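Report on the structure
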Amino acid sequence: TVVSWDVSKTDTMVATKAWTAPAMVLGRGEGVVRMDPPLMVAPMAGVTNAPFRKMCVKRGAGGAVTEMVSAHTLLERTPRAMKIVSFDPIEKVRSVQLYGTKKGTLKDAAKMLVEEVGATHIDLNFGCPVRKVTRKGGGAAIALKPKLLHSLVRSAVEGASEVPVTVKLRMGLSMERLTHVSAGKAAEDGGALGVVLHARTVDQLYSSPVHWEAIAEMVDALAIPVVGNGDVREPMDATKMMRETGASAIMVGRACLGRPWLIQQIADQLVGKEPKESPNLKGATEAALEHFQGLVHYHGQELTAALEMRKFVPLYFLGFQSARVLAQRLMTARTAHEWFAALDDPSVDWKEAYPPSALRLARMKGEGRQRVSLPDGYLDSLDDAIAPEDHDACEG
């Protein structure tokens, strides 16, 4: 009998027979998308390009979402936009995160993604918390205006035709101004076939605590699938979130940075298998090398790949005591030859076990909070559907 963990609300772990999470089904008719296991990798700027998504899908993710692409740059077919929406053949579910604030532009971009890119799932980003975006009434500020949100979702749904559209949201500006349920209903009424909730407020950014109870509230309020996002850092967190909230799927973000094996661990957990232990230093190094080589192929340049890897190297080796010199050398490497030369380090203990202290550490984003910025008088006119100026947003 496979043994898993039943994590109750008292945080007591009790060995039980494995629990298997059902697949998440999005859409209807010919456009239906099945995510099995119900595990998605979150869209992350500068992270979820094709080689990173390939690593995650290989390890069992049901789907992995591209970096956010803005509707207007996509329609302009800029090289960067077209690079963002390129896919590896391994990706059977082609998920794109799209952002726009103009109905016509959003509709045309969604249509282009389906007809030219071959997208099978479009996720609209209305959860961006960055002040320069909300200051103009964009990003997460759009969720304060249900009529505006509804109109934008409806336009994207019309452009996407049979392809399912989901909407990524936050809980609201703050705990004093929560909008997740009203925004979720507006998205559903606009034709969205799923909602992703990052269970934090805009003023929290990425700081603690995460509010999984808000996910449960959305599940109760909506008839469409709800995907839970926020602080799934270990396999048992995924089981706990799904059981406590009723979420149809889990979305993992920063926790898998420099730790792609977490995806396989969670995938195993969700299908009733006992997750494997985290790799030793040799295994972590092999994953980092796989990431680097994927970026070399993706960019066609060793230098670009080496420079991009500098934000990931500290995360792959987080907590490993014998890897300090190795990490320092990789941080200065500029070619594949220098990468392989750095691996020839006699001070490294390749059998060093994965450090437990690294399991729950925040990765890449800090714990700071912010004061939310909105346009003057924005809160006085929340019942209108006036669109803000179009601009690039960010991850949510």
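Look a little higher up for the structure.
These remarks concern the structure in this document. As the structure is a computational prediction, the values presented were derived from the model and not from experiment. (Residues numbered from 1 in each chain as written. Predicted model: local features only at pLDDT ≥ 70, side-chain atom pairs only at ≥ 80, totals over all residues. Heavy atoms only, no water.)

Before going further, it helps to spend a moment on the environment of threonine 239. Residue position: threonine 239 is located in helix α9 (residues 235-245). Residues threonine 239 and phenylalanine 126, spaced 113 residues apart in sequence, show a C-alpha to C-alpha distance of 26 Å. (Helix = DSSP H or I, 4+ residues; strand = E, 2+ residues; numbered from the N terminus.)

Let's shift gears to the nonpolar core. Judged by nonpolar contacts, the single largest core of 108 residues is most densely connected at Leu98, Leu124, Phe126, Leu169, Val252, Phe317 and Trp339. Residues contacting tryptophan 339, with those up to four places away along its chain left out, are Ala288, Leu289, Phe292, Ala306, Met309, Val313, Leu330 and Ala333. Of all hydrophobic cores here, the second largest spans twelve residues; its members include Met35, Met40, Val93 and Ala249. (Core = buried A, V, L, I, M, F, W, Y, C linked by side-chain atoms within 4.5 Å. Buried < 20%, exposed > 50% of the residue type's maximum accessible area, 1.4 Å probe, protein only. Contact = heavy atoms within 4.5 Å.)

Okay, the pairing of strand β8 (residues 121-125) next. Of all the five residues making up β8, five are buried; the element is thus mostly covered by neighbouring parts of the structure. The side-chain alternation of β8 yields two buried faces, one formed by His121, Asp123 and Asn125 and the other by Ile122 and Leu124. Note on the crossover from strand β7 (residues 95-99) through helix α4 (residues 103-117) to β8: the handedness is right-handed. As defined by bridge partners, β8 adjoins strand β9 (residues 165-170) across four bridges and the pair is classed as parallel. Bridge assignment links leucine 124 to a residue of β9, and that residue is valine 167. (Right-handed = clockwise from strand over helix to strand, strands pointing away. Pairing = 2+ DSSP bridges.)

Turning to the pattern of salt bridges, a few remarks are in order. Enumeration over the complete set of coordinates arrives at 15 salt bridges. Residue arginine 53 pairs with glutamate 91 through a salt bridge whose shortest N-O separation is 2.7 Å. Of this pair, arginine 53 sits in helix α1 (residues 50-58) while glutamate 91 sits in the loop between α3 (79-84) and β7; the two residues are 38 residues apart in sequence, bridging distant segments of the chain. Neither residue differs from the other here; arginine 53 and glutamate 91 are each classed as buried. Among the ionic contacts, a cluster of salt bridges with common partners joins Lys58, Arg59 and Glu290. (Salt bridge = Lys/Arg side-chain N within 4 Å of Asp/Glu carboxyl O.)

Attention now moves to the packing of helix α7 (residues 180-189) against helix α8 (residues 212-221). Describing two packed helices takes the angle between their axes plus the distance from one axis to the other. Two elements in contact, α7 and α8, have axes separated by 10 Å at closest approach and are oriented at 40 degrees. With respect to α8, the element α7 is oriented oblique. For the pair α7 and α8, the crossing hand works out as right-handed. Between α7, through His180, Val181, Gly184 and Lys185, and α8, the contact on the second element is made entirely by Ala214, Glu217, Met218 and Ala221. Grouping the constituent residues of the contact of α7 with α8 by class yields four nonpolar, two polar and two charged. (Axes fitted to C-alpha atoms, helices over the stretch in contact; angles between N-to-C directions. Parallel < 35°, antiparallel > 145°, perpendicular 65-115°, else oblique. Left-handed = near helix turned anticlockwise from the far one by under 90°. Nonpolar A, V, L, I, M, F, W, Y, C, P; charged D, E, K, R; others polar.)

We now examine the packing of aromatic side chains. Throughout the structure, instances matching the rule amount to four aromatic pairs. With 6.2 Å between their ring centres and 65 degrees between their planes, tyrosine 99 and phenylalanine 126 make a pair best called edge-to-face. With tyrosine 99 in strand β7 and phenylalanine 126 in the loop between β8 and α5 (131-134), this residue pair connects regions lying 27 residues apart in the sequence. Three or more aromatic residues joined by ring pairs form one cluster here, namely Trp261, Phe320 and Tyr354. Sitting over the face of the ring of tyrosine 298, lysine 83 holds its NZ or CZ atom 4.4 Å from the ring centroid. (Phe/Tyr/Trp six-rings, centres within 6.5 Å; stacked < 30°, edge-to-face > 60°. Lys NZ or Arg CZ within 6 Å of the ring centre and 35° of its normal.)

Right, let's get into the state of the cysteines. Each disulfide consists of a covalent bond between the sulfur atoms of two cysteine residues. Inspection of every chain in the model, using the stated rule, returns zero disulfides. Here cysteine 56 is not disulfide-linked; the sulfur of cysteine 256 is the nearest cysteine sulfur, at 4.7 Å. The exposure class of cysteine 56 is buried, given its relative accessible area of 0%. (Disulfide = S-S within 2.5 Å.)

Each strand in a sheet pairs with its neighbour through backbone hydrogen bonds, running either in the same direction (parallel) or in the opposite one (antiparallel). Pairing in this closed barrel of eight strands is parallel, and the strands run β5-β6-β7-β8-β9-β12-β13-β14 around the ring. Neighbour to neighbour, the strand axes of the sheet diverge by 30 degrees on average, direction disregarded. Here α1 sits on the sheet and contacts β5 (39-41) and β6 (63-70); the angle it forms with β6, its principal contact strand, is near 160 degrees. Helix α10 (residues 261-270) rests against β5 and β14 (249-252) of the sheet, and its axis sits at about 160 degrees to β5.

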